[in-house]
Amino acid sequence: MFANRPLRLGRRALTGLSLALLTLVALLTPAQAASADYPCRVALPMALGAQRPTPTPAPTPSPTPAGPCAQAQVMAALIAGHPGQRRATMVLDPILQQVAQARAEDMAARHYFDHTNPEGYGPNYLVRQAGYPLPSYYLTAPTANNIESLAADSPDAELILQAWLASPGHRVHVLGEQAFFAAQIEYGIGYATSTGGEYSEYWVFISACRAR
């Protein structure tokens, strides 16, 4: 039900900034989308979270004692305060924040941009390994993603949010436009910078709900 494949956006004509995005999506059939402001081609696969060959075990992300950085705090305020936000409330969760920041830093350090890390693990696995109890109905394949949206290559939180909201797959997650995502009231936001790779900034938005 949710996509792990890349969603990449071309250069914005008005800003000259290049945004590259990845998302989970809640669609059952393939689809394509594009807009004048964010020229892109979106492919939403039907088969998601498929099992890959058994990956090499990856270490659990190490705790990040500091809270969200300034950019992440700005993004959190923008997401929570957006007039289209469907979640009744949004609560920063220390485990989700730890994983989101670790994900951003890992992509920046190892110069990749994907929901799945080089060891073959996706966000559902990583937050469970960090101690966050996802509901049992969330996907359990090593690469599974029901909780994460990514963006890259701009330090501007407003531009990143605009790009997310211009993509239907990102929008439904970020604004909780479906009941599944509206129930994800706990979140973490990661931001990291990089030199020498394809992208100079990495953003991670994770939202989830705890098993009851």
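Just above sits the structure.
Residues numbered from 1 in each chain as written. Predicted model: local features only at pLDDT ≥ 70, side-chain atom pairs only at ≥ 80, totals over all residues. Heavy atoms only, no water.

A.B. asks: Got a minute to help me understand the pattern of salt bridges in this structure?
C.D. replies: Side-chain pairing between opposite charges can occur once the charged atoms of the two side chains come close. Taken as a whole and judged by the stated rule, the model has 6 salt bridges. Ionic pairing is found between E148 and R103, a salt bridge with its closest N-O pair at 2.9 Å. Residue E148 is found in strand β4 (residues 148–152), and its partner R103 is found in helix α2 (residues 94–110); the two are separated by 45 residues along the sequence. Both residues of the pair, E148 and R103, count as buried. (Salt bridge = Lys/Arg side-chain N within 4 Å of Asp/Glu carboxyl O. Helix = DSSP H or I, 4+ residues; strand = E, 2+ residues; numbered from the N terminus. Buried < 20%, exposed > 50% of the residue type's maximum accessible area, 1.4 Å probe, protein only.)

A.B. asks: It is not clear to me how the pairing of β4 should be interpreted in this structure. Could you clarify?
C.D. replies: Look at any regular strand and the pattern is simple: side chains alternate between the two faces of the sheet. Among the 5 residues that make up β4, 5 are buried, leaving the element largely enclosed by the rest of the structure. Two strands pair when backbone bridges link them, and β4 and strand β6 (residues 201–208) are joined in this way by 5 bridges, in the antiparallel orientation. Residue pairing across strands places S149 opposite F205, the latter belonging to β6. (Pairing = 2+ DSSP bridges.)

A.B. asks: I keep staring at helix α1 (residues 70–81) and nothing clicks. Help me out?
C.D. replies: Helical geometry: 3.6 residues make up each α-helical turn, so side chains three or four residues apart lie on a common side. With 12 residues, α1 extends 16 Å between its outermost C-alpha atoms, agreeing within 8% with the 16 Å of an ideal straight helix rising 1.5 Å per residue. Every buried residue of α1 is listed here: A72, M75, A76 and I79. Within α1, the buried residues cover an arc of 105° as seen down the axis, which keeps them to one side. Counted as exposed and oriented over 90 degrees from the buried face of α1: A70, A77 and G81. At its buried positions, α1 is contacted by α4 (157–166), α5 (168–174), β5 (186–193) and β6. (Expected span 1.5 Å × (residues − 1). Arc of directions from axis to C-beta. Contact = heavy atoms within 4.5 Å.)

A.B. asks: What is the right way to look at the pairing of β6 in this model?
C.D. replies: With 8 of 8 residues buried, β6 is to be regarded as a mostly interior element. Of the two faces of β6, the one holding E201, W203, F205 and S207 and the one holding Y202, V204, I206 and A208 are both buried throughout. Where β5 meets β6, 8 bridges bridge the pair, whose relative direction is antiparallel. Note that in β6 the partner of Y187 across the bridge is S207.

A.B. asks: Please clarify how the environment of P68 should be interpreted in this entry.
C.D. replies: For P68, the location among the structural elements is in the loop between β2 (18–22) and α1. With 30 residues separating them in the primary sequence, P68 and Q98 have C-alpha atoms 9.0 Å apart. Non-local contacts of P68, meaning those with residues more than four positions away in its chain, are made with Q73, L92 and Q97.

A.B. asks: Please explain the packing of α1 against α4 as it appears in this structure.
C.D. replies: Geometry of a packed helix pair, given as the angle between the helix axes and the separation of the axes. Two elements in contact, α1 and α4, have axes separated by 9 Å at closest approach and are oriented at 45°. The pairing of α1 with α4 is recorded here as oblique in orientation. Crossing of α1 against α4: the hand is right-handed. Seen from α1, the contacting residues are Q71, V74, M75, L78 and I79; seen from α4, they are A157, E158, I160, L161 and W164. (Axes fitted to C-alpha atoms, helices over the stretch in contact; angles between N-to-C directions. Parallel < 35°, antiparallel > 145°, perpendicular 65-115°, else oblique. Left-handed = near helix turned anticlockwise from the far one by under 90°.)

A.B. asks: In this structure, what is going on with unusual backbone geometry? I would like to understand it.
C.D. replies: Phi is mostly negative for residues that are not glycine, and the peptide bonds are mostly trans. Here H111, not a glycine, exhibits a phi torsion of approximately 55°, which is positive. Examined against the element boundaries, H111 turns out to sit in the loop between α2 and α3 (123–129). What makes H111 partly exposed here is its relative accessible area of 39%. Positive phi is not limited to glycine here, since D153 has a value of about 85°. Tracing the backbone through its elements, the reader meets D153 in the loop between β4 and α4. Accessibility expressed as a relative area gives 18% for D153, which makes it buried.

A.B. asks: Sorry if this is basic, but what is going on with the side chain of N146 here?
C.D. replies: Among the secondary structure elements, N146 is positioned in the loop between α3 and β4. For N146, the side chain forms a polar contact with the main-chain nitrogen of L139, separated by 2.9 Å. (Polar contact = N/O pair within 3.5 Å; in protein donor to acceptor, adjacent residues only side chain to side chain.)

A.B. asks: Just to check I follow, could you spell out the packing of aromatic side chains for this structure?
C.D. replies: Geometry of an aromatic ring pair is reported as the spacing of the ring centres plus the angle between the planes. Evaluated as defined, the whole model comprises 10 aromatic pairs. Where Y137 meets Y138, the ring centres are 5.4 Å apart and the plane angle is 55°; that geometry is what we call tilted. Take Y138: its relative accessible area is 2%, and that puts it in the buried class. With 5.2 Å between their ring centres and 85° between their planes, F180 and F181 make a pair best called edge-to-face. Each of the two residues, F180 as well as F181, counts as buried. (Phe/Tyr/Trp six-rings, centres within 6.5 Å; stacked < 30°, edge-to-face > 60°.)

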